[in-house]
Amino acid sequence: MRLVIKDTSDDVSLWSALYVKARILEAKPDHRKYFVLGLPTGGTPKGMYLELVKMCKAGELSFKYVKTFNMDEYVGLDRDHPESYHSFMWENLFKHIDIHPDNVNILDGNAENLVEECNGFEKKIVEAGGIDLFIGGIGPDGHIAFNEPGSSLVSKTRVKTLNKETIVANSRFFGGRECDVPTQALTVGVQTILDAREVMILITGSHKALALHYAIEEGINHMWTVTALQQHPKAVFVCDEDATLELKVKTVKYFKDLMTLHDKSITPNLG
Ligand code: F6R
């Protein structure tokens, strides 16, 4: 596991966007072999999406041969609702880049049969050749996607009932009205994320500091589902200084020293 510590959340956005660009360029995708990305919604990745849009508009990066799979979607929310994850993704990324709409995969929270929808999503990931790079954020309680505390660490895409904390946290997007937040979501499982060839998790802000501490310094625990990534052979956490507040000084020093030594060799195209 790697931990990349940047000064600010803007630095996290730029670094992660450069990382995605480096991975896509290295893979040299074409019509026979697409690059497959797993993507999150939320406040944390917005800055990264902005940077990716800039790179695409500047002609430095193309999404022509990229397929995407989003982590999750609310159940029962119209896909055109401004807070649906469909709307979020089109507004923040897809409508600004050269991706073909057929290559965008977002779970349908209004599907007649939600179980079939989830199973079909897993099947599509396999048909696409698996996910090359799964990008995620985490909640202050250490959840990844909608895998809330107590979720199975071998879970696959499924229907989840949201816990009270998540509903309260997400009510900020629904005018503060908890009653308007959907109570269920479709989400990839922890195992779906672990199955990706590489995982990159973005963490910013002091309110995520405890979750980062559990992710890096504590053992694997289903009450902090992000800790499952300790079992992944290629996981990188990218955080800002604020998010390191609960880490030991020696942990921070270790990863900072490591970055200086290895950054260029591990990610050769990264600026
Ligand atoms: C997003 C997702 C969530 C968020 C997490 C952090 O698709 O599944 O796990 O990544 O809740 O959200 P933000 O970035 O808004 O703090």
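These lines cover the structure that appears in this document, whether it is placed above or below.

What counts and how
Residues numbered from 1 in each chain as written. Predicted model: local features only at pLDDT ≥ 70, side-chain atom pairs only at ≥ 80, totals over all residues. Heavy atoms only, no water. Buried < 20%, exposed > 50% of the residue type's maximum accessible area, 1.4 Å probe, protein only. Helix = DSSP H or I, 4+ residues; strand = E, 2+ residues; numbered from the N terminus. Pairing = 2+ DSSP bridges. Right-handed = clockwise from strand over helix to strand, strands pointing away. Axes fitted to C-alpha atoms, helices over the stretch in contact; angles between N-to-C directions. Near = heavy atom within 4 Å. Polar contact = N/O pair within 3.5 Å; in protein donor to acceptor, adjacent residues only side chain to side chain. Areas by Shrake-Rupley, 256 points an atom, 1.4 Å probe, with all protein chains shown as cover. 1 Å grid on protein atoms, 1.4 Å probe; cavity = no way out; pocket = protein on both sides within 12 Å on 5 of 7 lines; lining within 4 Å. Sits in = over half its atoms within 2 Å of the grid points. Expected span 1.5 Å × (residues − 1). Points joined across faces, edges and corners; volume = space filled by probe spheres on them. Nonpolar A, V, L, I, M, F, W, Y, C, P; charged D, E, K, R; others polar. Parallel < 35°, antiparallel > 145°, perpendicular 65-115°, else oblique. Left-handed = near helix turned anticlockwise from the far one by under 90°. Contact = heavy atoms within 4.5 Å.

Taking burial as the measure, the six residues of strand 9 (residues 198–203) include six buried ones, the bulk of the element. Of the two faces of strand 9, the one holding Glu198, Met200 and Leu202 and the one holding Val199, Ile201 and Ile203 are both buried throughout. Relative to strand 9, strand 6 (residues 133–137) runs parallel, the two being bridged by five bridges. Note that in strand 9 the partner of Gly137 across the bridge is Leu202. Of the strand pairs in this sheet, strand 9 and strand 10 (residues 235–240) are connected by five bridges, and their pairing is parallel. By the bridge assignment for strand 10, Ile203 is matched with Cys239. In the classification by handedness, the crossover that spans strand 9, the intervening helix 7 (residues 209–217) and the parallel strand 10 is right-handed.

Attention now moves to the sheet that holds strand 2 (residues 35–39). Taking strand neighbours across the sheet as the criterion, the seven strands line up as 1-10-9-6-2-3-5 in an open arrangement whose pairing is parallel. The open sheet has two edge strands with one neighbour each: strand 1 (2–6) and strand 5 (104–105).

Within the open sheet, the three strands sit side by side as 4-8-7. Their pairing is antiparallel. Only two strands of the sheet have a single partner each, and these edge strands are strand 4 (72–74) and strand 7 (158–161). Neighbour to neighbour, the strand axes of the sheet diverge by 25 degrees on average, direction disregarded. Pairing of strand 7 with strand 8 (residues 184–187) involves four bridges; the strand directions are antiparallel. Counted as the bridge partner of Arg158 is Thr187 from strand 8.

A separate point is the site of the ligand. Contacts to the ligand come from 14 residues, most closely from Gly43, Thr44, Asp72, His143 and Lys208. Between an oxygen atom of the ligand and a main-chain N or O atom of Gly43, the distance comes to 2.8 Å. In this structure, Arg172 approaches the ligand through a side-chain N or O atom, which is 3.4 Å from an oxygen atom. Considering the ligand on its own, with 410 Å² of exposed area, one finds that the protein chains cover 89% of that surface. Most atoms of the ligand, that is more than half of them, are within 2 Å of grid points of the largest pocket.

Mapping Trp15 onto the fold places it in helix 1 (residues 9–27). As a C-alpha pair, Trp15 and Glu51 span 36 residues in sequence and 9.4 Å in three-dimensional space.

On to helix 7. For helix 7, a buried count of seven out of nine residues is recorded, marking the element as mostly surrounded by other parts of the structure. For helix 7, the full list of buried residues reads Ala209, Ala211, Leu212, His213, Ala215, Ile216 and Glu217.

An ideal rise of 1.5 Å per residue puts 27 Å on 19 residues; helix 1 measures up with 27 Å between its terminal C-alpha atoms. Downstream of helix 1 by one or two residues, Lys28 has phi in the positive range, about 45 degrees.

This part is about unusual backbone geometry. With phi around 45 degrees, Lys28 is a residue other than glycine that occupies positive phi space. With respect to the secondary-structure elements, Lys28 resides in the loop between helix 1 and strand 2.

What follows deals with the layout of surface pockets. Taken as a whole, the largest pocket spans an internal volume of roughly 750 Å³. Surrounding the largest pocket, 35 residues form its lining, Gly42, Gly43, Asn170, Arg172 and Phe173 being those nearest its centre. Of all elements in the fold, only strand 4, helix 3 (85–92) and helix 5 (164–170) reach the threshold of two or more residues within the lining of the largest pocket. A total of five residues in the lining of the largest pocket trace back to one element, the largest contributor, which is helix 3. The residue inventory of the lining of the largest pocket, partitioned by class, reads 13 nonpolar, 14 polar and eight charged.

What follows is about the packing of helix 1 against helix 2 (residues 46–57). Close contact between helix 1 and helix 2 brings their axes to 8 Å; oriented N to C, the two are set at 50 degrees. The orientation of helix 1 with respect to helix 2, classified from their angle, is oblique. Taken as a pair, helix 1 and helix 2 cross one another with a handedness that is right-handed. For the pair formed by helix 1 and helix 2, the contact residues are Ser13, Leu14, Ser16, Ala17, Leu18, Val20 and Lys21 on the first element and Gly47, Met48, Glu51, Leu52 and Met55 on the second. Tallied by class, residues from the contact of helix 1 with helix 2 come to seven nonpolar, three polar and two charged.

Fair warning: the whole summary comes from geometry, so function is off the table for now.
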